[in-house]
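The lines below spell out each chain.
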Amino acid sequence: MPLHKRRTKRKVLICAAAVAAAGALLPLASLASAGEDSLQAELDMGRTTTWWSNAAFVLKNGTSSAKKDWTLEFEVSAGTVQVNSSWTTSAEQQDRHVVLKPTEHGAVAAGAHQRIDLGIQGDGKAVPEITGCKLDGEPFSCGGKDDGPDTEAPTAPGNLTGKAETNGTISLKWSPSTDNRKVVFYEVFDKGKKIFATSGDVTEALLTAQNTGIRPEQRYDLSVKAVDAAGNVSTPSNRITVTTPADTGGDHRPPTAPTSLEAKATGATTARLTWKKATGTASLVAGYRVYQKGVAEPVRTTGPDTLDADIAGLKASTAYAFTVKAFDAKGNVSPASNEATVTTDPSDEPAPGGSAPTNLEAKTWAVNDGPAVVHYLGLTWDVPKGQGDILRYEVYLDGKFSTTVSYYDPATATGVPPGPAKGGKALAEITLGGEPGATHKVKVRAQLGNGSWGEFSAEKSVTAKKNPS
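What this report covers is the structure whose coordinates are included nearby. As the structure is a prediction and not an experimental result, all values here were calculated from the model.

This part takes up the pattern of salt bridges. Enumeration according to the criterion identifies seven salt bridges in this entry. One salt bridge connects R96 with D95, and the closest N-O pair in it is separated by 3.7 Å. Judged by its relative accessible area of 24%, R96 is partly exposed. A salt bridge links D221 to R219; the shortest N-O distance between them is 3.1 Å. Given the relative accessible area of 13%, D221 is considered buried. When its relative accessible area of 53% is taken as the criterion, R219 is described as exposed. Overlapping salt bridges, with partners in common, bring together R272, D308 and D310 in one network.

Okay, here's the thing in structure tokens:
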């Protein structure tokens, strides 16, 4: 069946699975709240995980002229945002703030509506949330609980407890705060002055001489506050008092080395380490630092009672070596433990076969969308066989990156991001932009099961339709 005859059905399926390529259009009914005499925007959150999420903004031009200049900005609580169609939209991210602007192909035609698909590469810790949406400086609803900028602070952390582990370390624990969006980290205060911030939304902290200047025979009046993605800060937790013991004298002897270090792969990108505790001399062991061979700084630091560590962010089917060192409150560091090696699991065992998509087909068509004419590009190709789970594809137009598309199986009409590469056909449908009658060259490549990008397909030439057919 020709691609353009199936456009309406596939459009609904792709939107429902949040795997449409950038620039796909939505029915006007989905923008019923938009005004009829201005440029409006809505957010459509798709599939979200801690590692990869999809989202889309839909722009609707209710005016009688094309909108060539617009600015859409928002805050993302975690991760890195990429626009799935740099052909029509550019993106700049500074910390959590993201700004989208049109390219020369990104004008929204009079009376038309345009979809801007985004991918969010997460940090593996928190599901990203989008807040603080603005179009040309005017706030609009980000959907869900968001009705503009987030001004609601988290609740106060509860049940703060702590104790002096040594004369130079204090351990703290507390109950988590709640927030209308997401708590992203906690701050620790001594007598109202901030002295420490957690990495992520963990609900414990180890204060040491190195990270906060904890000293012997000192009284610390400690409290904790929660901070959300918008920077709102909670009221303080209950306040506790911890006094460190006296210094037992000039101790320059390091702890003994940790022993029996073992490493075990727990996935294609993760490993778990375990070891037996070190013993201190005059000072007690204050914690442990995990070192990865070839990396100067520790990849993990634990407390004195934690004798294991989970390591993430590794590469599949790759050998790694680790050691552990103990440190005490005086800053003395032990010799390294025995070296433990581990090879991460394969993401898949690639079978012989090419990595390039094959049998690429490309067609264009034009559709009336109110007073506007929208130009589509439809692609189909054969999925590379024996290359593991295909995560996603990149589409290039005229030698430049244009769009990221998630795997889609037309045989079952379901989105499967990421989907198994069982062979068969995959497809994508995007708005083309540009001038009617212009000729473009298109090619596709796949992200393979081991995370690398495969070879490009053969390049195809395609000409934009001049009129709706």
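A separate point is the environment of H113. With respect to the helices and strands, H113 occurs in strand β7 (residues 113-121). Between the C-alpha atoms of H113 and Q40, which are 73 residues apart in sequence, the distance is 9.1 Å.

The phi dihedral of D95 is positive, around 60°, even though this residue is not glycine. The topology assignment puts D95 in the loop between β5 (89-94) and β6 (97-102). A positive phi is found at D136, a non-glycine position, where the angle reads about 50°. Structurally, the position occupied by D136 is in the loop between β8 (130-135) and β9 (138-139). By relative accessible area, which is 43% here, D136 ends up partly exposed.

Attention shifts here to the nonpolar core. Judged by nonpolar contacts, the single largest core of 23 residues is most densely connected at F57, L59, L72, F74, L100 and I130. Residue assignment for this core shows that the elements contributing at least two residues are β1 (39-45), β2 (52-61), β3 (72-76), β4 (80-83), β6, β7 and β8.

Before going further, it helps to examine the pairing of β4. Covered by surrounding structure in β4 are V81 and V83 only, the residues T80 and Q82 on the alternate face being uncovered. When β4 meets β7, the two strands line up antiparallel, connected through four bridges. Looking across to β7, one finds that T80 is bridged to Q121.

It is worth spelling out the environment of T80 at this point. Looking at the element boundaries, T80 is found in strand β4. Spatially, the C-alpha atoms of T80 and G122 are 6.6 Å apart, while their sequence positions differ by 42 residues. Those residues within four positions of T80 in sequence are excluded, and the remaining contacts are Q93, G119, I120 and Q121.

This part takes up the sheet that holds strand β21 (residues 308-311). The strand order across the open sheet formed by three strands is β17-β18-β21, and the pairing between neighbours is antiparallel. With one partner strand each, in any of the chains shown, β17 (259-265) and β21 form the two edges of the open sheet. Here the average twist between neighbouring strands, direction ignored, is 15°. Taken together, the four bridges between strand β18 (residues 271-276) and β21 define a ladder with antiparallel strand orientation. Its bridge partner lying in β21, R272 is registered against D310.

Next up on the list: the packing of aromatic side chains. Under the criterion given, the structure shown has six aromatic pairs. A centroid spacing of 5.2 Å and a plane angle of 40° characterise the contact between F57 and F74, whose relative ring orientation is tilted. Of this pair, F57 sits in strand β2 while F74 sits in strand β3; the two residues are 17 residues apart in sequence, bridging distant segments of the chain. Pair check on accessibility: F57 and F74 agree, each one buried. For the ring pair Y396 and F456, a centre distance of 4.9 Å and an interplane angle of 85° mean the geometry is edge-to-face.

Take the sheet that holds β3 next. Strand order in the open sheet formed by five strands is β5-β6-β3-β8-β9, and the pairing between neighbours is antiparallel. Strands at the two margins of the open sheet, each flanked by one partner only, are β5 and β9. Sheet topology note: the β8/β9 ladder contains two bridges and is antiparallel. Pairing of K134 across the sheet is with P139, part of β9.

What counts and what doesn't
Note on numbering: residues in each chain are counted from 1, in written sequence order. It should be noted that, the model being predicted, local features are given only for residues of pLDDT at least 70 and side-chain atom pairs only at 80 or more, the latter also being counted only at that level, while totals for whole chains, interfaces and linings use all residues. Note: side-chain values were computed over all heavy atoms of the structure, leaving out hydrogens and water. The term salt bridge refers to a side-chain nitrogen of Lys or Arg lying within 4 Å of a carboxyl oxygen of Asp or Glu. Three exposure classes are used, based on accessible area relative to the maximum for each residue type with a 1.4 Å probe and protein chains only: buried under 20%, partly exposed in between, and exposed over 50%. A helix here means a DSSP run of H or I that spans at least four residues, while a strand means a run of E at least two residues long, and both kinds are numbered starting from the N terminus. Nonpolar core, defined: a set of buried Ala, Val, Leu, Ile, Met, Phe, Trp, Tyr and Cys residues in which side-chain atoms within 4.5 Å join the residues together. DSSP-based pairing: two strands are paired if at least 2 bridges between them are found. In this analysis, two residues are considered to be in contact whenever any of their non-hydrogen atoms come within 4.5 Å of each other. Fitting a line to C-alpha atoms yields each axis, with helices limited to the stretch in contact; the angle taken between N-to-C directions then spans 0 to 180 degrees. The aromatic pairing rule takes the rings of Phe, Tyr and Trp, using the six-membered ring of Trp, and pairs them if the centres are within 6.5 Å, calling planes under 30 degrees apart stacked, those over 60 edge-to-face and the rest tilted.

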